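A structural walkthrough
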Amino acid sequence: MNKTWIILRREYLTRVLKKSFIVTTLLVPLLLAAMMVIPAWLASRQDKEVRNIAVYDETSLFLGQLGQEGFTKYQFIEKEKYEKIKANLEGTEYYALLYIPGNILTTNRVELFSPKQLPLEMGEQIERKLSQIIETDKRNKVVQEVGVPDLEQKLAATKTRIRVNTLQVTETGEQKKSSSVVAFIASYGMGFLIYFFVFMYGSLVMRSVMEEKKNRIVEVIVSSVKPYQLMTGKIVGTALVGLTQVAIWVILIFGVLTVLQSFFTPETAQQMGKSIMESQGQMAPMQQNMPVSQNQISEVLEMIGTLNIPLILFGFIFYFLSGYLLYSSLMGAVGAAVDNEEDTQQLVFPVTFPLILSIILLFSISKSPDGAIAFWASIVPFTAPVCMLARLPFSPPIWEVILSMVLMIVTTIGAIWVGSKIYKTGILMYGKKVTLKELVKWLRYKG
Amino acid sequence: MSYFSVSNVNKVFESTQALTDVSLSVNKGSIFGLLGPNGAGKTTLIRIINQITAPDSGEVFLEGRRMTSSDVEKIGYLPEERGLYKKMKIGDQAIYLAQLKGMSRHSAMKALKFWFEKFEIAGWWDKKVEELSKGMQQKVQFITTIIHQPQLLIFDEPFTGFDPINANLIKQEILGLRDNGATIIFSTHNMSTVEDLCDHIALINKSRKILDGAVTEVKDNFKTNIFELDYKGDYSKVAQVLGNSFTILEHTEKGLSNRIKILHLNGNGSNDVLQLLMPVAEIKSFREVVPSMNDIFIRVVESSNEKNNQL
């Protein structure tokens, strides 16, 4: 059996069978799912409870016009009852008490009483309803005074909402529908994913190297195998641990979503959707006139289709692998160079700085993918994995992509060479505080 | 017959010369002591033999052929800086290390069972290293060094961490391995074990080999021509007989038995001394004062350091 394979196997199995790995792998998707589902579930439950709101209207302008919205019911009451309820609101069946004063048209103010802290959207709902009624009323008066026939319909016809269809013109003159929103999300998401993976599993490689050095087992091992076999087994084994974790997460998330879908029937889902719409207040009436859903979904799908999926997928895998190799071989070298945890920080920072920088730049790159920052950050190999990937959904010039990839390959090979040199010398070096200058010297050692 | 040899090996680290023109030859089935003060270059030499580092120049031969990286499977190496994975079960760990030396899982299992039982640690198979005492860990380490039946064994301070009983057990195992044909290189600062175990030694100081030879030869070369006698008789007569060719270093008179310590200036051997003295005194005991390996070590290293300083 190949020795690299034996090392890889041990590296993989000890990590995957660790309790902490099993716990995080199982808990993270559950927590994520809980984070998404619990608030929605709570919202949907709360809204099923019917809330009666007592309304005392001094103006009598709104009588019968408030009706019911969602699970909130408006009931108009007389003055005596209002005073009685106001004195003892807690003891009544009412959730809240709305007082519309006689001078509402001049003050634009109403009062809402409740023994409890009221949800934000309730105030918004009332504000919207009352404003709408008053607005319609005022407009009707204006329409009547002016005396132009069919003014109402004419005004309604003036309601306009413009939608921009972004079209990307390719070099061949072909027009493609594109969406900067979809591209932005893809760009930011993938950039972040690469950053997360490279950082997390690069550190894992580093810790694993440090462990072997600290346990003093490394000399026994390098007397049986070549240091590069040990390092390769470690890096590939750790990458497989990462992939296993991601695979389990994907399966679990899909599993959890499927289970949840069977819990939430189409009606409850619709209900949830509606309550979310309601809570977003003003937007609702505007959109009601538009032929929404079906069209927009197919449009989003079309836009996703316009992304260069094969290029992005290839880019993702390419930068994922090269970025991980680049950083993990350098972090492995850092792990080999130091003796203890405290000295690590000093050497880790210069190595991980470009990675941190690229996550800082990520947002601005996703926003303006053709700027100078985006260009340089995606060409320089240390920031390229995150930054070029973030540019790919925006179809950057192909020569830039090729240049970035070539530089990436060259640098990764260089990093592996540097990493293995430092690694070879470092793992057998004890009791010496290592500086960057010292590391450069190690590169010149033979053999 | 030379099983293993090193010829003209040089190694430089940055500004420090670790090995200068070192050559060694180790016979098959012998125990070779590699001695020297701290920082002399022993560990570097051992790492070169194990193919962990490469020499700047010079060559390493095994069975007359230049050594290649696949030869490491024929070596069992117990480094001075040694340890095990703390969180891994001992049995799994031993199998892993044996596999890295090219054994199959199955044969590793079989061989490990044998040795674990022999060393009475079979019950520890599923324990983690952190639960073990230092001595136990050393036992496991010793087993993993020899498990693949290497033809060349390199032990660097093998007895540290052992109590006298276990140290003796390991010593017997090392002798047993030699009797079964293994060639052993043994590095230690403990000179009494060198005298017990080694057939041949080389002493390295400040990157150079300064002494090399069979233990008996070395001792013979360093003999001091000092003799110690207990006798019954008259001291003045004895002193007269010894005359000019001897220097009397010490003498004590205790009535019936006197003791004298003399230095033979011409160095003709012990029989001359006896022949001279037998007519004048009754000799009760006679002993040539032979230097210990410890004395030789100190003398050789100090005189080599003085020479270096003069240059």
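See the structure printed just above.
Our subject in this report is the structure included herewith. These numbers come from a predicted model, not from an experiment. Each chain carries its own residue numbering, running from 1 in the direction its sequence is written. Chain letters start at A and ligand numbers start at 1, both assigned in the order the entries are written. A pLDDT threshold of at least 70 governs which residues receive local features in this predicted model, and a stricter bar of 80 or more applies before side-chain atom pairs are shown or counted, although totals over entire chains, interfaces and linings include all residues. Excluding hydrogens and water, the side-chain values take into account all heavy atoms of the structure.

This paragraph deals with empty space enclosed by the protein. The pocket and cavity definitions rest on a 1 Å grid over protein atoms only: a 1.4 Å probe that fits but cannot leave marks a cavity, an open set with protein on both sides within 12 Å along at least five of seven lines marks a pocket, and residues lining either have an atom within 4 Å of a point. Grid points are joined across faces, edges and corners, and a volume is the space filled by probe spheres set on the points. Summed over the entire model, instances satisfying the criterion amount to 1 cavity of 30 Å³ or more. Looking at the largest cavity, its volume works out to about 70 Å³. All amino acids are sorted into three groups, where Ala, Val, Leu, Ile, Met, Phe, Trp, Tyr, Cys and Pro are nonpolar, Asp, Glu, Lys and Arg are charged, and the leftover types, Gly among them, are polar. Each residue belonging to the lining of the largest cavity can be placed in one class, and the counts come to 3 nonpolar, 5 polar and 1 charged.

In this section: the interface of chain B and chain A. Contact with chain B, which involves 30 residues of that partner, is made by 27 residues of chain A. Together chain B and chain A conceal approximately 2700 Å² of surface at their shared face, both sides included; 56% is due to carbon and sulfur atoms. When a carboxyl oxygen of Asp or Glu is within 4 Å of a side-chain nitrogen of Lys or Arg, the pair counts as a salt bridge. Run the count over chain B and chain A and you get 3 salt bridges. A salt bridge links A:Lys3 to B:Glu73; the nearest nitrogen and oxygen atoms lie 3.0 Å apart. Side-chain atoms alone can form a polar contact between residues adjacent in sequence; in general such a contact is a pair of N or O atoms within 3.5 Å, and within protein one must be able to donate a hydrogen while the other accepts it. The interface formed by chain B and chain A holds 11 residue pairs in polar contact (both at pLDDT 80 or more) in total. When residues of the side of chain B that touches chain A are traced back to their parent elements, those giving at least two are strand E1 (2-13) and helix H2 (90-100) of chain B. Numbered from the N terminus, helices here are DSSP runs of H or I no shorter than four residues, and strands are runs of E no shorter than two. Of the residues forming the side of chain B that touches chain A, the biggest block, 5 residues, is contributed by H2(B). Contact between two residues is taken to exist if any of their heavy atoms lie within 4.5 Å; hydrogens are not considered. By convention, the term buried area covers the 1.4 Å-probe accessible surface removed from two parts as they join, with the contributions of both added.

Residues and elements named next belong to chain B. A positive phi angle is found at Glu-63, which is not glycine, with a value near 50°. Along the chain, Glu-63 falls in the loop between strand E4 (57-62) and strand E5 (65-66). Even without being glycine, Asn-225 reaches a positive phi, approximately 60°. Relative to the assigned elements, Asn-225 resides in the loop between helix H7 (215-221) and strand E11 (226-233). Judged by its relative accessible area of 16%, Asn-225 falls in the buried class. Type-normalised accessible area, obtained with a 1.4 Å probe on protein chains alone, sets the label of each residue: buried when under 20%, exposed when over 50%, and partly exposed for intermediate values.

This part takes up the packing of aromatic side chains. All names here are of chain A. Aromatic pairing here means that ring centres of Phe, Tyr or Trp (its six-membered ring) are within 6.5 Å. Orientation follows from the plane angle: under 30 degrees is stacked, over 60 is edge-to-face, and everything else is tilted. With the rule as written, the count across this model stands at 24 aromatic pairs over all chains. An angle of 85° between the planes, with centres 6.0 Å apart, marks the rings of Tyr-188 and Phe-363 as edge-to-face. Taken together, the positions of Tyr-188 in helix H7 (residues 180-214) and Phe-363 in helix H14 (residues 341-367) put the pair 175 residues apart, joining distant regions of the chain. Relative accessible area serves as the criterion here: at 31%, Tyr-188 is assigned to the partly exposed category. Judged by its relative accessible area of 41%, Phe-363 falls in the partly exposed class. A ring pair is formed by Phe-349 and Phe-353, whose centres lie 5.6 Å apart and whose planes are at 55°; its orientation type is tilted. Here the residue Phe-349 and the residue Phe-353 both occupy positions in helix H14, the gap between them amounting to 4 residues, near one helical turn.

Here we come to the sheet that holds E4(B). Residues and elements named next belong to chain B. One bridge is not enough; two strands pair if DSSP finds at least two bridges between them. Here 4 strands make up an open sheet; going across it, the order is E2-E1-E4-E5 and the pairing antiparallel. In the strand order of this sheet, the two ends are held by strand E2 (16-27) and E5, each with one partner. As judged from the 2 bridges shared by E4 and E5, these two strands associate in the antiparallel manner. Counterpart to Phe-61 in the pairing with E5 is Arg-66. In this fold helix H1 (residues 42-49) packs onto E1, E2 and E4, with an angle of close to 120° to the strand it touches most, E1. Angles shown run from 0 to 180 degrees and are taken between the N-to-C directions of axes, each axis being a line fitted to C-alpha atoms and, for helices, limited to the stretch in contact.

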